[in-house]
Amino acid sequence: MKRKWVLMLSLAYTVFMAVLFFYYFSKGTTHSYQVAIGGVLCGAIPLVLAKFTRLAFNLSITLSYLVFLFGSQYLGSILHFYGLGWWDTFLHLLSGALLAFVAIALYERLVHREGKTEISPWLLFWFVFSFAVLGGVVWEMYEFSMDQLFHMTLQGGGNSDTMVDLIADTTGGLVIAVISLIKTKSKIGKPTLKKEPLPPESMA
């Protein structure tokens, strides 16, 4: 059922961006139809993964991913929400939280079910938090590289823009990491003492 919803939502976003591409291409709006092409490619990623892999899709992560694409590509770039000033910071906050959810999904997939009770909840906290921060750092490295190699203006505000983005990524990841820590601690609870069986002699 989850796989079906993932395919439907991804297909809907891909078709939506494809319609925008043809619309803005007919209008000659270069920037908008280029963004729309990127939207088609990004929206099709879950579809391609579903076609060629056997991944078990996480619906909440896929939905968050598509919401982020909608906010950054359509609202941010095409409708110029980035001109509001705070929109980019808001999206970085969301992306930090999204990366944290991805880290939790990886943790659930990589750690054996029986082993989770033996692992400290703090390890999950640091894994989720570090994963989100690392994702933010890698993205800023990408923006810096594109600006240097192709003379783009992804880091419009220079060092200040980079640091604000990293702080937003870190905050989003920290919030989800703290929530995961609290939930994991509540699940583990207090250890229970096992009663040893009585020896046969004592039952005689």
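Here, every reference points to the structure presented above.
Residues numbered from 1 in each chain as written. Predicted model: local features only at pLDDT ≥ 70, side-chain atom pairs only at ≥ 80, totals over all residues. Heavy atoms only, no water.

Right, let's talk about a nonpolar patch on the surface for a bit. Taken together, the side chains of Leu84, Trp86, Phe90, Leu93 and Leu94 make up a nonpolar region of the molecular surface, amounting to roughly 450 Å² of accessible area. Looking at the element boundaries, leucine 93 is found in helix 5 (residues 87–110). (Patch = residues over 30% accessible without salt bridge, like charges linked within 9 Å, V, L, I, M, F, W, Y side chains within 5 Å. Areas by Shrake-Rupley, 256 points an atom, 1.4 Å probe, with all protein chains shown as cover. Salt bridge = Lys/Arg side-chain N within 4 Å of Asp/Glu carboxyl O. Helix = DSSP H or I, 4+ residues; strand = E, 2+ residues; numbered from the N terminus.)

Okay, the packing of helix 1 (residues 2–27) against helix 3 (residues 45–52) next. Packing of helix 1 against helix 3 leaves a shortest axis separation of 8 Å and a crossing angle of 140°. It follows that helix 1 is oblique to helix 3 by the angle criterion. Relative to helix 3, helix 1 is oriented so that their crossing is left-handed. Residues Arg3, Val6, Leu7, Ser10, Leu11 and Thr14 of helix 1 pack against Pro46, Leu47 and Ala50 of helix 3. (Axes fitted to C-alpha atoms, helices over the stretch in contact; angles between N-to-C directions. Parallel < 35°, antiparallel > 145°, perpendicular 65-115°, else oblique. Left-handed = near helix turned anticlockwise from the far one by under 90°. Contact = heavy atoms within 4.5 Å.)

With that settled, the discussion passes to the packing of aromatic side chains. Tallied over the full model, the rule gives 18 aromatic pairs. Ring geometry for phenylalanine 127 against phenylalanine 131: centres 6.1 Å apart, planes inclined by 45°, an arrangement best described as tilted. Remark: phenylalanine 131 and phenylalanine 127 occur in helix 6 (residues 121–150); sequence separation between them is four residues, near one turn of the helix. Look at phenylalanine 127 and you get partly exposed, because its relative accessible area is 32%. One aromatic cluster in this structure is built from Phe21, Phe22, Phe25 and Tyr33. (Phe/Tyr/Trp six-rings, centres within 6.5 Å; stacked < 30°, edge-to-face > 60°. Buried < 20%, exposed > 50% of the residue type's maximum accessible area, 1.4 Å probe, protein only.)

Of note, threonine 14 is situated in helix 1. There is a polar contact of 2.8 Å between the side chain of threonine 14 and the backbone oxygen of serine 10. Only 3.2 Å separates the side chain of threonine 14 from the backbone oxygen of glycine 43, close enough to count as a polar contact. Contact partners of threonine 14, with chain neighbours within four places excluded, come to Val40, Gly43, Ala44 and Leu47. (Polar contact = N/O pair within 3.5 Å; in protein donor to acceptor, adjacent residues only side chain to side chain.)

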